[in-house]
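Residue-level listing of the chains:
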Amino acid sequence: MAQSLCKIYLHIIFHIKTNSPEVNIDHIPRLHQYIGQLVNTTGCHVVCVGGTENHVHALVLLNSTECVSHLVEEMKRNSSRWIKTLGRYYEKFAWQGGYAAFSVSQSIVEKTKNYIANQAEHHKKKSFKDEYLEFLQLYNVDYDERYVLSD
């Protein structure tokens, strides 16, 4: 049997809808842990998950048979269902319709992990929107600003 050999790291970013309640700071660690479990159930491997009250960053090692859109769909759909079980506050919780995913070189995996781990500190200096747009520019992603971060 032929073996598929690949090692593809992805940095995935998504945020809540504009009318969604933010994630309570006490629930953030549990949400990140749950999202990591969801990644692992797809056959991929979670390296780390981080973020703040309104967005998530995940560093993931993609397996050779999973496609990015399905992975993100599983992460968002199931974490949204799960968080709604935490109480009425999350009744209208929802993630945005889109996401961003960027390849990460093996040489900057540690740097990316540190970046994700320090999101709360990072966002004291830079807004999520500014950060998101910088990633799009850094990776030369063509985008229409009217639709970036829209629901």
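Keep in mind the model is a prediction, meaning the values are calculated, not measured.

**Here we look at the environment of alanine 101**
And then number 1: For alanine 101, the location among the structural elements is in strand E4 (residues 100–104).
And then number 2: With relative accessibility at 32%, the residue alanine 101 sits in the partly exposed group.
And then number 3: The spacing of alanine 101 and histidine 45 is 56 residues in sequence and 15 Å in space, taken between C-alpha atoms.
And then number 4: Here alanine 101 is in contact with His11, Ile12 and Val68, once residues within four sequence places are set aside.

**A few points about the packing of helix H1 (residues 28–41) against helix H2 (residues 68–84)**
And then number 1: Between H1 and H2, whose axes approach to 9 Å, the crossing angle comes to 140 degrees. Our classification of the angle between H1 and H2 gives oblique. Every pair of crossing elements has a handedness; the one defined by H1 and H2 is right-handed. Residue-level inspection shows Arg30, Leu31, Tyr34, Ile35, Leu38 and Val39 of H1 in contact with H2, the latter providing Leu71, Glu74, Met75, Asn78, Ser79, Trp82 and Ile83.

**What about the sheet that holds strand E3 (residues 55–62)?**
And then number 1: Across the sheet, four strands lie side by side as E2-E3-E1-E4; this open sheet has antiparallel pairing. The open sheet has two free edges, formed respectively by strand E2 (45–51) and E4, since each of these has just one partner strand. With strand direction ignored, the average angle separating the axes of adjacent strands in the sheet is 20 degrees.
And then number 2: Both strand E1 (residues 8–15) and E4 contribute to a ladder of five bridges, which runs antiparallel. Bridging from a neighbouring strand, isoleucine 12 pairs with alanine 101 of E4.

**Brief notes about H1**
And then number 1: In this model, H1 (14 residues) spans 20 Å end to end at C-alpha, consistent with the 20 Å of a helix rising 1.5 Å per residue.
And then number 2: Among the residues making up H1, those that are buried are Ile28, Leu31, His32, Ile35, Gly36, Leu38 and Val39. Here the buried residues of H1 occupy an arc of 160 degrees about the axis, which is enough to place them on one side. For H1, the exposed residues set more than 90 degrees away from the buried face come down to Pro29, Gln33 and Thr41.
And then number 3: The secondary structure elements touched by the buried residues of H1 are E1, E2, E3 and H2.
And then number 4: A positive backbone phi angle near 95 degrees is found at glycine 43, which sits one or two residues after H1.

What counts as what
- Residues numbered from 1 in each chain as written.
- Predicted model: local features only at pLDDT ≥ 70, side-chain atom pairs only at ≥ 80, totals over all residues.
- Heavy atoms only, no water.
- Helix = DSSP H or I, 4+ residues; strand = E, 2+ residues; numbered from the N terminus.
- Buried < 20%, exposed > 50% of the residue type's maximum accessible area, 1.4 Å probe, protein only.
- Contact = heavy atoms within 4.5 Å.
- Axes fitted to C-alpha atoms, helices over the stretch in contact; angles between N-to-C directions.
- Parallel < 35°, antiparallel > 145°, perpendicular 65-115°, else oblique.
- Left-handed = near helix turned anticlockwise from the far one by under 90°.
- Pairing = 2+ DSSP bridges.
- Expected span 1.5 Å × (residues − 1).
- Arc of directions from axis to C-beta.

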